[in-house]
Structures are given as C-alpha cells and as structure tokens.
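Residue-level structural notes
Now for the letters of each chain:
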Amino acid sequence: MAILEVNNVCKSFKTSKKSPEVEVLKDISFTVEKGEFVTLLGPSGCGKTTLLTIIGGFQRATSGEVLLEGERIEKPSSDRGYVFQNYALFPWMNVEKNILYSLKFSKMSKEEKKKRLEELLEMSHLKGHEKKYPISLSGGMQQRVAVVRALAPYPKILLLDEPLGAIDLQMREHMQNELLQLVKESNSTILMVTHDVSEAVYMSDRVIVMSLNKGEIVADMRIDIKHPRERDSEEYIECVRELTNNVKKAFINKVPVSV
Ligand SMILES: Nc1ncnc2c1ncn2[C@@H]1O[C@H](COP(=O)(O)OP(=O)(O)O)[C@@H](O)[C@H]1O
Ligand SMILES: [Mg+2]
C-alpha cells in the first residue's frame, strides 16, 4: 500500500519582483510504500530539498499535491519526522530537552513522554549523555539526537535531508550503519535525500534519481541486495555501476559544452 503519493508536483520561485519565475520542479510524481526505505538521489541544485520541504509541509507546491495516507499535506505535522540538512538541534537545550521538544504538542502524558525518552536514548546509545549540550557532542552523536528527536512522536514517515552530509568521509560508512540500524529498529517508512551513490545503494530499498532538468525523475531503481550489504560484493559493485550510469542522465543538457 502506498503511504505517500507525490502527484504532479511543480514548484516555481520568483527571486525578485522583476525577475521571471524559475521552475525548479516540474511534474514530479512517485509513491512510497509503507515500510520502504526510499532515497532521492541527484546532483546539487536539482530540487531535492525543495521537494522534501514540500512533503514536510514547510512550503507549498505551485501545483500538484502530496498525500500521506490519502490526506493532502498542507502544513508541518508530527505525522512527518524531519531531519534537516544541518541537524538543526537547539544549542541552548540539552539532549533530553531537544528530544522532548518534538513531544511538546503531543497528547502523551508526562509518564509516557518519560518512557518514550528512555526508549529513544536506549535506541540511539545516548544513555548517560542526556544532560549534555549539542556543542559538546560529536557529529555522529548530534546526528543520532536529530534522528531520534524526529522519531519521538511515532511519525508515519521519516524525512531525512542529507543526514550524513556533515560527517567526514572516514566516519561516514560507520554512520551509515548506525543510521540504518536506528531507522530499521523504529520500523519507519523513510524518504532520504543524498547526492552520494554509494550511500544510496548501501541503505535503500529503492532509489529515485532526479535530474537537473527541473527535478525530472530519470530512474527509479530497486536495490534487491540483502542486509548487511557487503560493499565489495559483485552484486553491490554492479548496482553502484548501474546507478552511476543513471546519475549521468541527471546531468544531461546541463553540462557545459566545451569549446
Ligand atoms: N526559496 C527559494 N527561492 C528561490 N530559489 C530557490 C529557493 N529555494 C531553492 N531555490 C532554488 O531551487 C533550486 C533547487 O534547490 P534545492 O532544492 O536546495 O536543491 P538540492 O537540495 O537538490 O541541492 C536551486 O537552484 C535553488 O537556488
Ligand atoms: Mg539540498
């Protein structure tokens, strides 16, 4: 069953009163099944964040619609967990308060919130760090706080915008495993944005490739390799190769012609 439906989404921006509108997304349609881990992959500037924020309800599509369990998305809501590109933790709140913030408007009782907090600290291996402030945490720990904060109110879907973007290369593979474990444990439906082919293959059930041509979907690829995935296995390498070829299509018409 499709939990998320993106139907013919278009988005244009006007940067100033005099300038013409620029169309960033044109007629984008796809669905996400319940429990699926889907990745939106594409070059920088192809409209990934714009699309994710429309699904998050932070901005409206110019035309088209997004449905979550059949209901049209109009504004942000706790049924969608969102992890921003730079985590966006509140620096003046400790780990515990950052996580509890997303339960501020929840109907849970004080006891239920406390129980949920304990569960999330356990799940993210942050037990013992709950009184620390974000500035004193490593990048990986900050990322885990951001993810469990988004998971706290039991969202129907978790939206992740380049959740490992700020992590350096050496740590990245390790963090991919941690993130994967964290989201699998939560049994969530995931829509993640990345521009990293290997990350997409390692983590996703399905990869949707967006192009610089108004976000046009140039490939929709299922990754049928069982977990844990071996990065040096033949099927993995083949998958990376196939996806890399698909990503090349994402640049078509946009690569400057050399003279
Ligand atoms: N609020 C905005 N006003 C004007 N242009 C925008 C706005 N938001 C995004 N854009 C433009 O839309 C394009 C896609 O941006 P974005 O969605 O951030 O891409 P990505 O996340 O794939 O790198 C870029 O050219 C960007 O400059
Ligand atoms: Mg982006």
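Just above sits the structure.
Below is a short write-up of the structure.

Calculation rules
Residues numbered from 1 in each chain as written. Chains lettered and ligands numbered in written order. Predicted model: local features only at pLDDT ≥ 70, side-chain atom pairs only at ≥ 80, totals over all residues. Heavy atoms only, no water. Helix = DSSP H or I, 4+ residues; strand = E, 2+ residues; numbered from the N terminus. Buried < 20%, exposed > 50% of the residue type's maximum accessible area, 1.4 Å probe, protein only. Contact = heavy atoms within 4.5 Å. Pairing = 2+ DSSP bridges. Axes fitted to C-alpha atoms, helices over the stretch in contact; angles between N-to-C directions. Near = heavy atom within 4 Å. Polar contact = N/O pair within 3.5 Å; in protein donor to acceptor, adjacent residues only side chain to side chain. Areas by Shrake-Rupley, 256 points an atom, 1.4 Å probe, with all protein chains shown as cover. Phe/Tyr/Trp six-rings, centres within 6.5 Å; stacked < 30°, edge-to-face > 60°. Lys NZ or Arg CZ within 6 Å of the ring centre and 35° of its normal.

**As for the environment of Leu 137**
When you line up the elements, Leu 137 lands in the loop between helix 3 (110-123) and helix 4 (139-151). Overall, Leu 137 belongs to the buried group, its relative accessible area being 7%. Sequence-wise, Leu 137 and Ala 200 are 63 residues apart; in three dimensions their C-alpha atoms are separated by 26 Å. Not counting residues within four places of it along the chain, the set of residues in contact with Leu 137 comprises Val 95, Lys 132, Gln 142 and Val 145.

**Looking at the sheet that holds strand 7 (residues 157-161)**
If you trace the six strands from one edge of the open sheet to the other, you get 6-7-8-3-9-10, paired in mixed fashion. Looking at which strands have only one partner, the edges of the open sheet turn out to be strand 6 (80-83) and strand 10 (217-222). Pairwise comparison of adjacent strand axes, ignoring direction, gives a mean angle of 15° for this sheet. Note: strand 3 (residues 37-41) against strand 8 (residues 189-194), five bridges, orientation parallel. Bridge pairing links Leu 40 to Val 193 in strand 8. The strands touched by helix 7 (residues 234-249) are strand 3, strand 9 (206-210) and strand 10; relative to strand 10, the strand with the most contacts, the crossing angle is about 165°.

**Some details on the site of ligand 1**
Every residue close to ligand 1 is listed here: Phe 13, Thr 15, Val 24, Pro 43, Ser 44, Gly 45, Cys 46, Gly 47, Lys 48, Thr 49 and Thr 50. Interatomic distance of 2.8 Å between a side-chain N/O atom of Thr 49 and an oxygen atom of ligand 1. Look at ligand 1: alone it shows 560 Å² of surface, and the protein chains cover 58% of it. Of all the elements, helix 1 (residues 48-56) adds the most residues to the shell around ligand 1, at three residues.

**A word on the packing of aromatic side chains**
By convention here, two paired aromatic rings are described through the distance between centres and the angle between planes. According to the stated counting rule, one finds six aromatic pairs in the structure shown. With 5.0 Å between their ring centres and 90° between their planes, Phe 58 and Tyr 82 make a pair best called edge-to-face. On the criterion of sequence distance, the pair formed by Phe 58 in the loop between helix 1 and strand 4 (63-68) and Tyr 82 in strand 6 is long-range, its members being 24 residues apart. Assessed through its relative accessible area of 41%, Phe 58 is described here as partly exposed. On the basis of relative accessibility, which here comes to 11%, the residue Tyr 82 falls in the buried class. A centroid spacing of 4.6 Å and a plane angle of 40° characterise the contact between Tyr 82 and Phe 84, whose relative ring orientation is tilted. Counting every residue linked through ring pairs, the aromatic cluster contains Phe 58, Tyr 82 and Phe 84. The ring of Phe 90 is capped by Arg 149, whose NZ or CZ atom sits 5.2 Å from the centre of that ring.

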